[in-house]
Amino acid sequence: MKALVIKSLSGPAALSVQQTPEPTAKAGQTIVRVAAGGLNFADVMTTLGGYPGTPPPPLVAGREFCGIEEHTGRRVMGYTQWGAFAEKVAAYSSMLWPVPDHWSDEQAAAFPVNFFTAYLGYWQAGMTPHAVWGEPPSPSPSGAEGAVRGSEAPRRVLIHAVAGGVGTAAVQIGKILGVETYGTSSSDEKLARVKELGLHHGINYKRQDYEEAIKNLTHGEGVDAVFEMLGGEHTAKSLRCLRDFGRVIQYGTATGKQPQLDVRALYAKSAMLQGLWLTYLSQKREIMEPAWQQLSEWISQRKLSPVIGQVFRLDRAVEAYKLLQEGKNYGKVVIKIS
Ligand SMILES: NC(=O)c1ccc[n+]([C@@H]2O[C@H](COP(=O)([O-])OP(=O)(O)OC[C@H]3O[C@@H](n4cnc5c(N)ncnc54)[C@H](OP(=O)(O)O)[C@@H]3O)[C@@H](O)[C@H]2O)c1
């Protein structure tokens, strides 16, 4: 079969479309004929040797996909760690979800990583209506936080890379949850497009310091949560954007730099820094099943729709990776497989 192979961990240029043996299903797995794959920043990091747990090359790239399950003929969208950018993938049945009838293959391929990550971000921020697992780790509006600022005020979230894959998913979910959203991007054009999705406040960080912008927009109060995926100085800076009892959900390091943090900065606001990693959380059925129940309810109400920026053929996958690496994408970049 045809597959996109990572030949060495030296960046997107080391990707090549090659003939490889078809996968065989292990216990709990099923074979899916892949129609389209969703490209993630994690795929770019993988080619650079920067993604934890990457097996030694050569290996088939790709962590999410849409296709036809061979033994049932049903349309599925799925999540895996490697192997999705190929004509066939062996995937765990627990990591497959039915494709909504009204979605294209490209939309379905763009769903799993972005929407589960964004949803779990809100869950970890204590903003989802139902606890996914145990109690949401949140100060509820009736708790200390509510007492401080009034329970009726909408909660505020700052979403970095708001025009990207996870970012556009987070705006859609935030809109449903009644959250006031603030988002950063390098481009006014991208921000204008995300505003059409429901973003309340766009901040172009090339022209404006986002910490300063948050201070002004929130009358010095700050936001309840920051979805932080940049690392380096942005962890400390995002923490400074919080109001009392706020939390920074750290889920990436797109700058390639270790998150910087002086833990003492947490004392001042009773703030929290929390990690989120879908690779880890996806192993927990008690978290993923209720999350899917909620997401699928919103999908059936037509409230969620993956945003597709660009679609590339498999033989042009290197261009797709470079687009994401350079931060020039809008929404999701999809690779058409068959
Ligand atoms: N922990 C998890 O489970 C998990 C799951 C999914 C994603 N992630 C992380 O979430 C982040 C977003 O992932 P994604 O796949 O949805 O990508 P994406 O947001 O679609 O693309 C990355 C965007 O980040 C912005 N950006 C800011 N600084 C950048 C830099 N130094 N290099 C490249 N881009 C930069 C760019 O937008 P602007 O130019 O508009 O700023 C770019 O479009 C990544 O850090 C990824 O690793 C983590």
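Remember, it's a predicted structure, so these values are computed and weren't measured experimentally.

Q: Is there a simple way to explain the side chain of T184 in this structure?
A: Note that T184 resides in strand 10 (residues 180-185). Apart from the residues within four sequence positions on either side, T184 is in contact with L158, I159, H160, A161, V162, L191, I203, Y205 and Y210.

Q: Sorry, what's going on with the site of the ligand here?
A: Not every one of the 27 residues close to the ligand is listed here, only the nearest: S185, S186, Y205, L278 and N329. Note that an oxygen atom of the ligand is positioned 2.7 Å from one of the side-chain N or O atoms of Y205. With respect to the ligand, the backbone of M229 contributes an N or O atom lying 3.2 Å from an oxygen atom. Protein contacts shield 89% of the accessible area of the ligand, which totals 900 Å² for the unbound molecule. At the level of secondary structure, the elements contributing two or more residues to the shell around the ligand comprise helix 1 (41-47), helix 3 (112-124), helix 5 (165-177) and helix 12 (317-325). Here the shell around the ligand is built from residues that sort into 14 nonpolar, 12 polar and 1 charged.

Q: Sorry if this is basic, but what is going on with a nonpolar patch on the surface here?
A: A surface patch of nonpolar side chains, amounting to about 370 Å² of accessible area, comprises L261, V263, Y267 and L273. Among the secondary structure elements, V263 is positioned in the loop between strand 13 (242-250) and helix 9 (264-267). Judged by its relative accessible area of 48%, V263 is partly exposed.

Calculation rules
- Residues numbered from 1 in each chain as written.
- Predicted model: local features only at pLDDT ≥ 70, side-chain atom pairs only at ≥ 80, totals over all residues.
- Heavy atoms only, no water.
- Helix = DSSP H or I, 4+ residues; strand = E, 2+ residues; numbered from the N terminus.
- Contact = heavy atoms within 4.5 Å.
- Near = heavy atom within 4 Å.
- Polar contact = N/O pair within 3.5 Å; in protein donor to acceptor, adjacent residues only side chain to side chain.
- Areas by Shrake-Rupley, 256 points an atom, 1.4 Å probe, with all protein chains shown as cover.
- Nonpolar A, V, L, I, M, F, W, Y, C, P; charged D, E, K, R; others polar.
- Patch = residues over 30% accessible without salt bridge, like charges linked within 9 Å, V, L, I, M, F, W, Y side chains within 5 Å.
- Salt bridge = Lys/Arg side-chain N within 4 Å of Asp/Glu carboxyl O.
- Buried < 20%, exposed > 50% of the residue type's maximum accessible area, 1.4 Å probe, protein only.

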